[in-house]
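Spelled out from the first residue to the last, the chains are:
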Amino acid sequence: MDQVMENNIKVLGSRVVLSIPPAPESTIELTEEVKAKLQAEFFQQLKSLEVFAVGEDVTKVKPGDKVYVPTSVASHSDKTIIDDQVKMIVGERDIAIIW
């Protein structure tokens, strides 16, 4: 079954869209190198992410499930903004744990 979101976005294939909490923002101006390091540290702290939407080929998770993806996947995954919130897009095969 296809997952169609309220804003008519349709996730295709075996992709899973995960909600991620907002990263803490700095009030001082940082270099791109420091920003990248802080972002990598932030992704290491993410232990449980909520499934926002799934593609038509996904069989193991559903919206609302809590999942864990390895840090290497999280730090290299595609990010997009949906409904003013940052979302992470991973393949179903990248999910290591389902709660």
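Further up the page is the structure itself.
This one's a predicted model, so the numbers in the text were calculated from it and none came from an experiment.

Val16, Leu18, Val61, Val69, Met88 and Val90 are the most contacted members of the largest nonpolar core, which totals 18 residues. For this core, the secondary structure elements donating two or more residues are β1 (15-19), α1 (32-45), β2 (49-54), α2 (71-76) and β5 (85-91). Looking at this core element by element, the count peaks at three residues for β2. When residues no more than four places from it in sequence are discounted, the contact partners of Val69 are Leu18, Leu49, Ala74, Met88, Val90, Asp94 and Ile95.

The next thing to look at is the environment of Lys10. Position of Lys10 among the secondary structure elements: in the segment before β1. Looking at Lys10, the relative accessible area reads 45%, which means it is partly exposed. Along the sequence, Lys10 and Ile81 sit 71 residues apart, while their C-alpha atoms lie 14 Å from each other.

What follows covers the environment of Pro63. With respect to the secondary-structure elements, Pro63 resides in the loop between β2 and β3 (66-68). Measuring from C-alpha to C-alpha, the distance between Pro63 and Lys47 comes to 17 Å, with 16 residues separating the pair along the chain.

Roughly 570 Å³ of volume is contained in the largest pocket. Top element by residues in the lining of the largest pocket is α1. It accounts for eight residues. Each residue belonging to the lining of the largest pocket can be placed in one class, and the counts come to twelve nonpolar, three polar and five charged.

Scoring rules and cut-offs
Residues numbered from 1 in each chain as written. Predicted model: local features only at pLDDT ≥ 70, side-chain atom pairs only at ≥ 80, totals over all residues. Heavy atoms only, no water. Core = buried A, V, L, I, M, F, W, Y, C linked by side-chain atoms within 4.5 Å. Buried < 20%, exposed > 50% of the residue type's maximum accessible area, 1.4 Å probe, protein only. Helix = DSSP H or I, 4+ residues; strand = E, 2+ residues; numbered from the N terminus. Contact = heavy atoms within 4.5 Å. 1 Å grid on protein atoms, 1.4 Å probe; cavity = no way out; pocket = protein on both sides within 12 Å on 5 of 7 lines; lining within 4 Å. Points joined across faces, edges and corners; volume = space filled by probe spheres on them. Nonpolar A, V, L, I, M, F, W, Y, C, P; charged D, E, K, R; others polar.

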